[in-house]
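# Observations on chain architecture
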Amino acid sequence: GAVVSQHPSWVICKSGTSVKIECRSLDFQATTMFWYRQFPKQSLMLMATSNEGSKATYEQGVEKDKFLINHASLTLSTLTVTSAHPEDSSFYICSARESYSSDRGEDGYTFGSGTRLTVV
Amino acid sequence: QKEVEQDPGPLSVPEGAIVSLNCTYSNSAFQYFMWYRQYSRKGPELLMYTYSSGNKEDGRFTAQVDKSSKYISLFIRDSQPSDSATYLCAMIKAAGNKLTFGGGTRVLVKP
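Residues numbered from 1 in each chain as written. Chains lettered and ligands numbered in written order. Predicted model: local features only at pLDDT ≥ 70, side-chain atom pairs only at ≥ 80, totals over all residues. Heavy atoms only, no water.

## Regarding the overall build of chain A
- Each helix and strand in chain A was counted, giving zero helices and eleven strands.
- Computed over its C-alpha atoms, the radius of gyration of chain A comes to 14 Å, within 12% of the 14 Å expected for a compact globule of 120 residues.
- Each principal axis of the C-alpha atoms in chain A carries an extent, and together these give about 45 × 30 × 25 Å.
- Of all 120 residues assigned to chain A, the portion counted as buried reaches 49%.
- Relative to all contacts within chain A whose residues are 6 or more apart in sequence, the contacts with residues 24 or more apart total 57%. (Helix = DSSP H or I, 4+ residues; strand = E, 2+ residues; numbered from the N terminus. Rg over C-alpha atoms; globule rule 2.2 N^0.38 Å. Buried < 20%, exposed > 50% of the residue type's maximum accessible area, 1.4 Å probe, protein only. Contact = heavy atoms within 4.5 Å.)

## Some thoughts on the sheet that holds strand 8 (residues 76-81) of chain A
Residue and element names in this part refer to chain A.
- The strand order across the open sheet formed by four strands is 1-3-8-7, and the pairing between neighbours is antiparallel. Edge strands, defined here as strands with exactly one partner in the open sheet, are strand 1 (4-7) and strand 7 (67-73). Ignoring strand direction, the axes of neighbouring strands in this sheet form an average angle of 15°.
- The pairing of strand 3 (residues 19-25) with strand 8 spans six bridges and is classified as antiparallel. Counted as the bridge partner of Arg24 is Leu76 from strand 8. (Pairing = 2+ DSSP bridges. Axes fitted to C-alpha atoms, helices over the stretch in contact; angles between N-to-C directions.)

## A few points about the interface of chain A and chain B
- Contacts between the two partners involve 24 residues from chain A and, on the opposite side, 22 residues from chain B.
- Where chain A meets chain B, there are one salt bridge.
- A salt bridge links Glu59 of chain A to Lys98 of chain B, with the nearest nitrogen and oxygen atoms 2.8 Å apart.
- Counting every contact that joins chain A to chain B gives five residue pairs in polar contact (both at pLDDT 80 or more).
- At the level of elements, strand 4 (30-38), strand 5 (44-51), strand 9 (90-98) and strand 10 (109-111) of chain A are the ones that each hand at least two residues to the side of chain A that touches chain B.
- Of the residues forming the side of chain A that touches chain B, the biggest block, four residues, is contributed by strand 4 of chain A.
- By residue class, the composition of the side of chain A that touches chain B is eight nonpolar, eight polar and eight charged. (Salt bridge = Lys/Arg side-chain N within 4 Å of Asp/Glu carboxyl O. Polar contact = N/O pair within 3.5 Å; in protein donor to acceptor, adjacent residues only side chain to side chain. Nonpolar A, V, L, I, M, F, W, Y, C, P; charged D, E, K, R; others polar.)

## So, the pattern of salt bridges
- Under the criterion given, the structure shown has seven salt bridges over all chains.
- With a closest N to O distance of 3.5 Å, Glu22 of chain A and Arg24 of chain A form a salt bridge.
- Given the relative accessible area of 36%, Arg24 of chain A is considered partly exposed.
- With a shortest N-O distance of 2.8 Å, Asp83 of chain B and Arg60 of chain B are connected by a salt bridge. Here the residue Asp83 of chain B occupies a position in the loop between strand 8 (71-76) and strand 9 (85-93), and Arg60 of chain B occupies one in the loop between strand 6 (54-58) and strand 7 (61-66), the gap between them amounting to 23 residues.

## Some details on the nonpolar core
- The biggest cluster of nonpolar side chains holds 24 residues, and the ones touching the most others in it are Trp35, Phe67, Leu79, Tyr92 and Leu117 of chain A.
- Elements with a contribution of two residues or more to this core: strand 2 (10-13), strand 3, strand 4, strand 5, strand 7, strand 8, strand 9 and strand 11 (115-119) of chain A.
- If near-sequence neighbours (up to four positions away) are discounted, Leu79 of chain A is found in contact with Val19, Lys20, Ile21, Trp35, Phe67, Leu68, Ile69 and Tyr92 of chain A.
- Residues Val19, Phe30, Met48 and Val107 of chain B belong to the second largest nonpolar core, which totals 23 residues. (Core = buried A, V, L, I, M, F, W, Y, C linked by side-chain atoms within 4.5 Å.)

In structure tokens form, the structure reads like this:
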């Protein structure tokens, strides 16, 4: 089945620094990738949708200058948390949708294993 | 009001029991329905996918959709301790590509 690799799985950084998280589709091409944020014991909150070769679409309330998303190829999307602060500490998860998925939902959305970001 | 409502639990059951999970939604535009399992500090993994009203069975899992009532369910038979996780329902509108998640239900299967 489809596999999405997300790195790093955890990262600790100092306040004010930037952190980059990578999301790769290993065995399929992903036209669209999604970035989520998840707080403890809460559900996934969609942050942005990125399409290969174009600017990401951010959900309401998500600062695009804070969370930079780049989807430079059909297999790689990155999320950079700029000037991170302790309130940015969270679990970030990416999801990739296969380019030619004809069936919405079934095997079309594959999630990475998540990145736990701690800002100290 | 959230578009998708899901009881957060926790739901504690003895090993071997049937686990019953459900979600309600308010927008009839949702046409495709999924259940994901998420272990602690991991990404969600797809368990079941349905798009029509009725039942769909896969091994120990049965997904039910009732579009007229805007209600979906997931049943896990012969539950095992390894089924202990958070279960998330998710759905997509016919004309969209974004998943809308329920809040998740934490399930604990006790040996």
